[in-house]
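Residues per chain are reported as follows:
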Amino acid sequence: MSQESPAQRFETLPETEADDSAEAPVKGRKNGLYPGVSDELAELMTTGWADTEMHDLEPVEQAPLAAARREALSHRFPGERLVVPAGNLRTRSNDTEYPFRASCDYVYLTGDQTRDGVLVLEPSESGGHDTVAYLLPRSNRDNGEFWLDGQGELWVGRRRSLSESSRLLGLPCRDVRRLAEELRSAPPVPTRIVRGHDAELEKVVAELVGPADAEERDQELKQVLDEMRLVKDEWEVAQLQKAVDSTVRGFHDVVAVLDQARATSERYIEGTFFLRARVEGNDVGYGTIAASGAHACTLHWTRNDGPVNPGDLLLLDAGVETDTLYTADVTRTLPVSGTFTDIQRKVYDAVYEAQEAGIAAVKPGAAYRDFHDAAQRVLAEKLVEWGLVEGPVERVLELGLQRRYTLHGTGHMLGLDVHDCATARRESYADGTLEPGMVLTVEPGLYFQSNDLTVPAEYRGIGVRIEDDILVTLDGNRNLSAALPRRSDEVEEWLAATRG
Ligand code: GLY
Ligand code: MN
Ligand code: MN
């Protein structure tokens with residue numbers, strides 16, 4: 001047991017509070033008397049624990065980048081308080097929770113991923129903002145929280161002390177359980193919160209700001225953050241490349257088990273990819289789509305409960321999310337038996353050609369829509385050529401008739417979110433211009449539903465999508481997922497080589 005006093009135990013940075021968890025509530029129990037626990041045991045559990053404070057922590061790699069982002073955000077909202085929550089645990093069932101995944105904006109601005117964390121930018125008298133990360137401190141030992149609460153450290157693992165977090169993040173840190181009270185007693189200044197992650201905190205902020213145009217103002221904060229995130233810095237690009245590289249390995253894993261998968265199911269494919277995601281990253285960045293046969297025509301087929309049969313095309317849309325929470329988003333459509341049939345190849349090659357046209361249109365200064373238009377034009381031309389849609393092509397494109405079979409947009413921004421920066425204003429995103437540092441997917445597809453009477457029977461049940469992750473560079477683009485075979489003959493060679 002440490003002989004130091006609490007004050008000595010927690011070496012504090014000037015602005016960071018020592019951990020003081022005396023108020024920590026213990027759900028469902030009264031402090032001092034725990035049902036089924038003798039006072040002797042309760043006393044025993046409070047003592048005999050070594051001090052584990054880590055004094056030599058270096059800031060996380062992205063700390064200076066996060067500081068620069070906070071500074072940029074501060075300039076956008078002078079004199080206003082900004083509240084950016086990480087989010088809370090969500091119940092899955094009874095006393096089990098979904099795995100926690102911190103909100104993207106919180107991660108972007110702090111480099112932290114702690115549940116219940118809240119970043120607050122408080123307007124300062126000198127003009128800018130004082131920034132504080134509000135976090136849960138260490139579990140309290142005096143009131144039994146650490147071993148009697150299901151979220152105590154003995155159950156779910158050690159939390160960082162506020163001092164440790166402060167060193168890691170390069171930020172002053174305070175006890176998040178005091179945040180509501182501090183907000184209520186703080187000077188009344190305009191306050192905005194990023195919504196959708198911390199319902200309790202939103203209520204507190206609502207008390208402070210009143211209903212007048214609060215939603216609109218909060219949306220503006222979110223929109224500014226999404227627009228800041230549109231262009232990735234070098235560190236972010238490296239994270240995305242890392243996500244893609246793991247994803248490429250995950251696709252190789254799947255190809256290596258295709259023979260076994262054939263005997264089992266799409267779940268086997270999903271599970272195989274997931275192993276790579278959990279070993280090399282945090283998770284998958286979105287629900288894996290392992291769609292064999294006609295399931296490939298269901299865009300977000302994540303049930304993955306079907307068989308993988310010889311002769312099927314397997315559409316696998318999957319991405320590893322790194323431990324820093326950047327995700328890849330890659331799709332390959334693979335002939336399970338090793339070679340495409342003639343009709344499968346015809347459809348696949350058309351999608352490949354459309355993707356090539358799309359990727360070629362990704363360059364700085366191009367309109368964001370250009371790559372979509374280029375890919376859609378190729379697909380419309382093919383559909384007219386095959387007699388599936390009545391031409392001319394210009395008419396098809398004008399009326400959007402090809403969309404019966406192309407179904408979705410040709411891509412989206414990629415980053416901390418798989419569909420990144422979705423609330424950016426149209427003029428900065430969908431109607432905007434590509435800039436170096438943007439990363440987007442190019443993912444055309446053709447889908448002929450199994451009950452689609454507008455196409456000959458041979459097309460029905462074929463779904464093909466090819467998706468790559470493309471970085472806009474100073475003079476064009478770089479395909480981050482180029483390591484994964486894409487052309488139909490390359491795909492066949494890959495399958496043959498991997499299966500031996
Ligand atoms: N995986 C979803 C998408 O490609 O957008
Ligand atoms: Mn995808
Ligand atoms: Mn995508």
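Here the structure is a predicted model, which means the values were calculated and not measured. For every chain, the first residue of the written sequence is number 1, and numbering continues from 1 onward in sequence order. A letter from A marks each chain and a number from 1 marks each ligand, given out in the order of writing. Reporting of local features is limited, given that this is a predicted model, to residues whose pLDDT is at least 70; pairs of side-chain atoms are given and counted only at 80 or more, and all residues count toward the totals for whole chains, interfaces and linings. Hydrogens and waters are ignored; side-chain quantities use all the structure's heavy atoms.

Here a strand is any run of E in DSSP of at least two residues, a helix any run of H or I of at least four, and the numbering for each starts at the N terminus. Looking only at helices and strands, one finds 18 helices and 17 strands in the protein. Accessible area is worked out with a 1.4 Å probe on protein chains only. A residue is then buried under 20% of its type maximum, exposed over 50%, and partly exposed in between. Evaluated residue by residue, the protein yields a buried proportion of 52% over its 500 residues. For this analysis, residues touch if any pair of their heavy atoms sits within 4.5 Å. Long-range pairs, those at least 24 residues apart, make up 72% of the contacts in the protein between residues at least 6 apart in sequence. Note on areas: Shrake-Rupley with a 1.4 Å probe; residue coverage comes only from the protein chains shown. Accessible area for the protein stands at about 22400 Å²; split by element, carbon and sulfur atoms hold 51% of it.

A few words now on the sheet that holds strand E9 (residues 289-292). The three strands are arranged E9-E10-E12 in an open sheet whose pairing can be described as antiparallel. Two strands in the sheet have a free side with no partner beyond their single neighbour: E9 and strand E12 (330-335). Direction aside, neighbouring strands of the sheet carry axes that sit 10° apart on average. Pairing between two strands is assigned when DSSP locates at least 2 bridges connecting them. Where strand E10 (residues 313-318) meets E12, six bridges bridge the pair, whose relative direction is antiparallel. Counterpart to leucine 316 in the pairing with E12 is arginine 332. Fitted lines through C-alpha atoms give the axes, limited to the stretch in contact for helices. The angle between two N-to-C directions lies from 0 to 180 degrees.

For ligand 1, the full set of nearby residues is Tyr286, His300, Asp317, Asp329, His412, His419, Glu443 and Glu467. Between N or O atoms, a polar contact is any pair within 3.5 Å; within protein, one atom must be a potential hydrogen donor and the other a potential acceptor, and residues adjacent in sequence are included only when both atoms are from side chains. One nitrogen or oxygen atom from the side chain of glutamate 467 is found 3.2 Å from an oxygen atom belonging to ligand 1. Compared with its free state, where it exposes 190 Å², ligand 1 has 92% of that area covered by protein. Residues were grouped as follows: Ala, Val, Leu, Ile, Met, Phe, Trp, Tyr, Cys and Pro as nonpolar; Asp, Glu, Lys and Arg as charged; and all remaining residues, including Gly, as polar. Broken down by class, the residue content of the shell around ligand 1 amounts to one nonpolar, three polar and four charged. Near, as used in this document, describes a residue that has one of its heavy atoms within 4 Å of the molecule or strand being considered.

Turning our eyes to something else, we now look at the coordination of the manganese ion (ligand 2). Here a donor is an N, O or S atom found within 2.8 Å of the metal, or within 3.2 Å if the metal is Na, K or Ca; sites may look incomplete because water is not among the atoms. All of the protein donors around the manganese ion (ligand 2) are Asp317 (OD), Asp317 (OD), Asp329 (OD) and Glu467 (OE); their distances to the metal are 2.0 to 2.3 Å. Tetrahedral means four donors with every angle between 85 and 135 degrees, whereas square planar (four donors) and octahedral (six donors) require angles over 155 degrees between opposite donors and between 65 and 115 for all others; sites fitting neither are termed irregular. Taken together, the six donor atoms coordinating the manganese ion (ligand 2) and their angles of 58 to 170° define a geometry best described as irregular. In this model, the manganese ion (ligand 2) sits 3.3 Å from the manganese ion (ligand 3), the two metals being bridged by aspartate 329. Here aspartate 329 lies in the loop between strand E11 (320-321) and E12 and aspartate 317 lies in strand E10, a separation of twelve residues in the sequence. In this pair, the class of aspartate 317 matches that of aspartate 329, namely buried.

Geometrically, a pair of aromatic rings is defined through the distance of the ring centres and the angle of the planes. Two aromatic rings from Phe, Tyr or Trp, using only the six-membered ring of Trp, form a pair when their centres are within 6.5 Å; if the ring planes differ by under 30 degrees the pair is stacked, by over 60 it is edge-to-face, and anything between is tilted. If you walk through the whole model with that rule in mind, you get nine aromatic pairs. Pairing tryptophan 235 with tyrosine 326 gives two aromatic rings, centres 5.9 Å apart and planes at 85°, and the pair type is edge-to-face. With a gap of 91 residues between them, tryptophan 235 in helix H11 (residues 234-256) and tyrosine 326 in the loop between E11 and E12 connect regions that are remote in the sequence. As far as the burial class goes, tryptophan 235 and tyrosine 326 line up, both buried. Taking the centre distance of 5.1 Å and the plane angle of 80° together, the rings of tyrosine 368 and tyrosine 429 count as edge-to-face. Residue tyrosine 368 is found in the loop between helix H14 (342-360) and helix H15 (369-385), and its partner tyrosine 429 is found in the loop between helix H17 (403-406) and strand E13 (439-442); the two are separated by 61 residues along the sequence. We classify tyrosine 429 as buried; its relative accessible area is 12%. Among the aromatic residues, those joined into a cluster by ring pairs are Trp386, Tyr405, Phe448 and Tyr459. Over the ring of phenylalanine 146 we find arginine 141; its NZ or CZ atom is 5.3 Å from the centre of that ring. A ring is scored as having a charge over it whenever the NZ atom of a lysine or the CZ atom of an arginine sits within 6 Å of its centre and within 35 degrees of its normal.

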